[in-house]
Amino acid sequence: MLSAEADVLIIGGGMAAAWAAVGAARAGASVIMVDKGAVGTSGVTATAGPNHWWVASEQREQAVTQRLGQSLALGDASWMHRILAQTWETLPTLARFYEFCVNDAGNTVYSSVRGPEYMRALRQYVESLGVRILDHSPAFELLLQRGAIAGARGERLQAREEWEIRSPAVILATGGCAFAGALLGSRTNTGDGYLLAAETGVALSGMEFSSQFTIAPAFSTMTRAMSYVYATYYDAAGRVVEPTGDLQRLRFLAEALRSGPVYADFSRMPQDIRDRLPTISPNVLPVFRRLGLDPFVEKFPIALVAEGTIRGVGGLVVETDDCETSTPGLFAAGDAASRELVTGAISGGGAVNSAWALSSGIWSGQAAARRAKQRASGPIERTGQAGLRPQQAAKALDTAAFAATVRAQAAGFSTTFFRDDASLGRALQVLDGQWDEIRNGLAGGYRAREAAALTATARLCLTAARHRRESRGIHAREDFPALAPHLAKRQILRGVDHIESSFASVEELAA
């Protein structure tokens, strides 16, 4: 058993986790990071080329007004202004460890970064501040002391030993959930933070806005989608599939794929973009070259890959401006937190979500450092249940089969693009049955806890989708295709075994 103490414990290893470590360490706290993967390489940022919502002060009012209109009554202008200001101030501080690009005019470009180098630089940054990092060390459960956070417990996979870290402040920066699908970089994003926090009583919101997809070659997990801006799509007979409706949701491709295979090529990509593609997205073309396929000339089959809550919206409800949840001492940052405040009912894409990850990381880190001065006392309560402590006798259950069921039910077209009460009800019946199996008989190891988190997340997403009886943003219902004015509210979910839903306006939540 590895036992340790820290002022701040950060669970996660992606962009938000690293910026949280920077915020806490620069505020004078002792910090430990634990990550299921390896800090600097795990998570979706490390495989991407993310942008940040980067707006000069004189243009922010217009940018916020535009975004607020797109949020469909679920956004908050003050939070949007805050992340724009924080991102503008903080991102350039990474220049000591990261070489930002310079444009043709000789100006430094801070908004767009190269994901692999960005994450390596962030690891170097946090290590330079004295942060202790435990790679390959998933967290299994949170610890409470008289209702307040007291740390967490997990396992060091390579050392094959448990760890327990006592801390009066914990930041959940575990990322979102792509339902164990083929989204590049999402292997460690299985909804762990949602389950950890929900077991302590924290609410979630925005989980119905989880039907976000991206395009990939059918033969690859290469889900870097910038090139598809220039794609032309074809059905099996070679006829062009014309985009219709909301292009962000890619519903037109889902409709075509229901009838048969769909193909694409990049013949419309301008030559200057083709020339720069190896620099902009260096991992896109090798996939085709290995097969001897020229995507600028030849057609290739495509698939739609679920991005879930990673480029969706939902997550843990933050109760304060510094991202503390309803459990004292527990904070949420990045995709682990709901982004409705800054995105509303539509995807935050790469830019807004990246700015949120950076800003929420800094705010939660600074606040956790302050919180560390308030230490509780009393007996320790271990909060983990599903996948750890079965209600009945432990059984030999197939965690891979559980993950496959989650993919089929939560990322299937019938519960994402073509939702209605019947399809959502059928999927929830399957997932509720799986949850009962997990609660009654699953125990042992991080795979069991992952299966529990995946199933819990899928139940939350589909429960929320069933209760929001309208179409709003990236949540669309076949049986309720119109916007319902009385539902211009955030949907709050509470509970793990039994999930309760209620709606509250932005103003009601603020009060």
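In short, a report on the structure. (Residues numbered from 1 in each chain as written. Predicted model: local features only at pLDDT ≥ 70, side-chain atom pairs only at ≥ 80, totals over all residues. Heavy atoms only, no water.)

Considering the packing of helix α2 (residues 60-70) against helix α3 (residues 77-90)
Interhelical geometry of α2 versus α3 gives an angle of 135° and a closest axis separation of 10 Å. By the angle between their axes, α2 is oblique relative to α3. Where α2 crosses over α3, the two elements pack in a sense that is right-handed. Note on element contacts: α3 touches α2 through Ala-77, Met-80, His-81, Leu-84, Ala-85 and Trp-88, opposite Arg-60, Glu-61, Val-64, Arg-67 and Leu-68. The class makeup of the residues in the contact of α2 with α3 is seven nonpolar, one polar and three charged. (Axes fitted to C-alpha atoms, helices over the stretch in contact; angles between N-to-C directions. Helix = DSSP H or I, 4+ residues; strand = E, 2+ residues; numbered from the N terminus. Parallel < 35°, antiparallel > 145°, perpendicular 65-115°, else oblique. Left-handed = near helix turned anticlockwise from the far one by under 90°. Contact = heavy atoms within 4.5 Å. Nonpolar A, V, L, I, M, F, W, Y, C, P; charged D, E, K, R; others polar.)

So, empty space enclosed by the protein
All told, the structure shown has three cavities of 30 Å³ or more when counted by the stated rule. Quantified by volume, the largest cavity comes out at close to 50 Å³. Taken together, Tyr-194, Leu-195, Ala-198, Ala-456, Thr-457, Arg-459, Leu-460, Gly-495, Val-496 and Ile-499 make up the full set of residues lining the largest cavity. Going through the elements one at a time, α5 (192-198) and α13 (445-467) are the ones with two or more residues in the lining of the largest cavity. A total of four residues in the lining of the largest cavity trace back to one element, the largest contributor, which is α13. Taken as a whole, the second largest cavity spans an internal volume of roughly 40 Å³. Forming the walls of the second largest cavity are Lys-36, Pro-138, Ala-139, Phe-140, Asp-192, Tyr-446, Arg-449 and Glu-450. Of all the secondary-structure elements, those providing two or more residues to the lining of the second largest cavity are β7 (139-145) and α13. (1 Å grid on protein atoms, 1.4 Å probe; cavity = no way out; pocket = protein on both sides within 12 Å on 5 of 7 lines; lining within 4 Å. Points joined across faces, edges and corners; volume = space filled by probe spheres on them.)

Quick look at the sheet that holds strand β19 (residues 490-494)
With antiparallel pairing, four strands are arranged side by side in an open sheet as β16-β11-β19-β20. The open sheet is flanked by β16 (315-316) and β20 (500-504), the only strands paired with a single partner. In this structure, β19 lies alongside β20, joined through five bridges in antiparallel fashion. When the bridges of β20 are listed, Ile-492 appears paired with Ser-502. Of the strands in this sheet, β11 (204-205), β19 and β20 are in contact with α13, which crosses β19 at around 135°. (Pairing = 2+ DSSP bridges.)

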